[in-house]
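Notes for the structure review
In case you want the letters, here they are:
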Amino acid sequence: MQRFLSPKWITIYLATFIVLLWIVSLFWSVEPDLFEPRDLAMQQAQQREEQVVPGYIMTTTLIAVSEALLQKSGGYLSNDVLPPSVMMDDMPSWEFGVLEMTRDLALAMRKDLSRSQSQSVENSYLTKAQPLFNNNHLDWLLPSAESRYQEGIDNLYLYRSSLSDVTQNKGQFYARADNLRDWLKQAEKRLGSLSQRLSASVGQDRLDTSLAGDAQANQSTPTALHLMDKTSWWQLDNTFYEARGASWALLHFLKAVEIDFADVLEKKNARISLQQIVRELEATQESIWSPIILNGSGFGLLANHSLVMANYISRANAALIELSELLNQG
């Protein structure tokens, strides 16, 4: 027995344990596959004997994206305090990107998509579900983050069932251009922020344009005319995977929009614009062949994965702005 507790064997045990943790971390870093919202909604509606009505596919997509956080390989990792997940940062960053897009859509469904006008009553299921997704994503003590998110998903299931029950009229989903535009404006801001953070991977010397366009505008504290933005080397991969997760969630939501808002898009002749945005976001999900996220200079020898991701997201963001303007036209 003493032989197997020698420094040599202890070193072998530790090395083996570390290798096993590394293998597990690789398995847990596998991102969920893309799915088709229409096919998933039709399948679940048939299983539950529910009717597919406006809003059913979008709600199903929100549920599926939320469940992916909890049911993917390794489960929800952001709040884990044990190895190997406590040493992982790429997948938790991906989870946070998905969660941010989920929160935005849940809020839009609560205050806009499920209400006919500003004076209408909020849907009780969405009133319960939306705040639950806003719980701290790092909470691990009871109640844990994933338990809160699961409770929110359960309420989304109830809301979806109320949509398909045409005899009760308890749940509604209003596929209107103004409702869609309000949510798209939030998505624009998310993508715009991610694009700026990704572009700052090589450092960005820019002018302060915070008050541009309004001669009477003020701000609380003065800022320098020239600003230097540069993402920390330690945060490069985190920002990249957060953007990748946000894009993964948003492209599924937009695929659902194409179906639930089909009449609105046809009237505005905006379907092709939406499809182009989805294509740009799908490009962000291409396989990454490098073992690390490279950060070469703009025109240097090495690739810069952050700038490539920023390019796709910037183009998607520009197309989202154009789509919002189309929806705003009569």
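The sections below set out a description of the structure shown in this document. (Residues numbered from 1 in each chain as written. Predicted model: local features only at pLDDT ≥ 70, side-chain atom pairs only at ≥ 80, totals over all residues. Heavy atoms only, no water.)

Along the backbone of the chain there are eleven helices and two strands. Each helix (α) and strand (β) of the chain, taken in turn from the N terminus, gives the series α-α-α-α-α-α-α-β-β-α-α-α-α. Within the chain, the proportion of its 330 residues that are buried is 46%. At a minimum sequence separation of 6, the contacts of the chain that also span at least 24 residues come to 75%. Accessible area of the chain: about 17900 Å², with a carbon and sulfur share of 56%. For the chain, the distance from the average position of its 28 positive side-chain charges to the average position of its 38 negative side-chain charges is 1 Å. (Helix = DSSP H or I, 4+ residues; strand = E, 2+ residues; numbered from the N terminus. Buried < 20%, exposed > 50% of the residue type's maximum accessible area, 1.4 Å probe, protein only. Contact = heavy atoms within 4.5 Å. Areas by Shrake-Rupley, 256 points an atom, 1.4 Å probe, with all protein chains shown as cover. Lys, Arg positive; Asp, Glu negative; His and termini not counted. Charge placed at Lys NZ, Arg CZ, Asp CG, Glu CD.)

Glancing now at the packing of helix H8 (residues 236-260) against helix H10 (residues 271-283). With their axes 9 Å apart at the nearest point, H8 and H10 run at an angle of 155 degrees to one another. With respect to their mutual orientation, H8 and H10 come out roughly antiparallel. As for how H8 packs across H10, the hand of that crossing is left-handed. Residues Ser247, Leu250, Leu251, Leu254, Lys255, Val257 and Glu258 of H8 form the contact with H10, whose participating residues are Arg271, Leu274, Gln275, Ile277, Val278, Leu281 and Glu282. Considering only residue class, the contact of H8 with H10 consists of eight nonpolar, two polar and four charged. (Axes fitted to C-alpha atoms, helices over the stretch in contact; angles between N-to-C directions. Parallel < 35°, antiparallel > 145°, perpendicular 65-115°, else oblique. Left-handed = near helix turned anticlockwise from the far one by under 90°. Nonpolar A, V, L, I, M, F, W, Y, C, P; charged D, E, K, R; others polar.)

Within the structure shown, the criterion is met by 18 salt bridges. A salt bridge links arginine 176 to aspartate 178, with the nearest nitrogen and oxygen atoms 3.0 Å apart. Close ionic contact of lysine 255 with glutamate 282 constitutes a salt bridge, the shortest N to O distance being 3.4 Å. With lysine 255 in helix H8 and glutamate 282 in helix H10, this pair connects stretches of sequence that are 27 residues apart. For lysine 255, a relative accessible area of 12% gives the class buried. Overlapping salt bridges, with partners in common, bring together Glu100, Arg103, Asp104 and Arg190 in one network. (Salt bridge = Lys/Arg side-chain N within 4 Å of Asp/Glu carboxyl O.)

For valine 264, the position within the fold is in helix H9 (residues 262-268). On the basis of relative accessible area, valine 264 is assigned to the buried category, the value being 13%. Setting aside residues no more than four positions away along its own chain, valine 264 makes contact with Ala175, Arg176, Ala177 and Leu327.

Time to look at the packing of helix H2 (residues 37-48) against helix H3 (residues 56-71). In contact at an axis separation of 9 Å, H2 and H3 are set at 95 degrees when each is read in the N-to-C sense. Compared by their axis directions, H2 and H3 come out roughly perpendicular. Note on element contacts: H3 touches H2 through Tyr56, Ile57, Thr60, Thr61 and Ala64, opposite Pro37, Arg38, Leu40, Ala41, Gln44 and Ala45.

The next thing to look at is the packing of aromatic side chains. Taken as a whole and judged by the stated rule, the model has seven aromatic pairs. Measuring from ring centre to ring centre gives 6.4 Å for tryptophan 183 and phenylalanine 253, while their planes differ by 70 degrees; the resulting arrangement is edge-to-face. Taken together, the residues tryptophan 183 in helix H7 (residues 177-199) and phenylalanine 253 in helix H8 connect sequence positions 70 residues apart. An aromatic cluster of at least three residues, connected via ring pairs, comprises Phe35, Trp94 and Trp248. (Phe/Tyr/Trp six-rings, centres within 6.5 Å; stacked < 30°, edge-to-face > 60°.)

Turning to the side chain of glutamate 50, a few remarks are in order. Structurally, glutamate 50 is set in the loop between H2 and H3. Residue glutamate 50 is classed as buried on the basis of its relative accessible area of 18%. With residues near it in sequence (within four places) discarded, glutamate 50 still touches Ala45, Tyr56, Arg160, Ser161 and Ser164.

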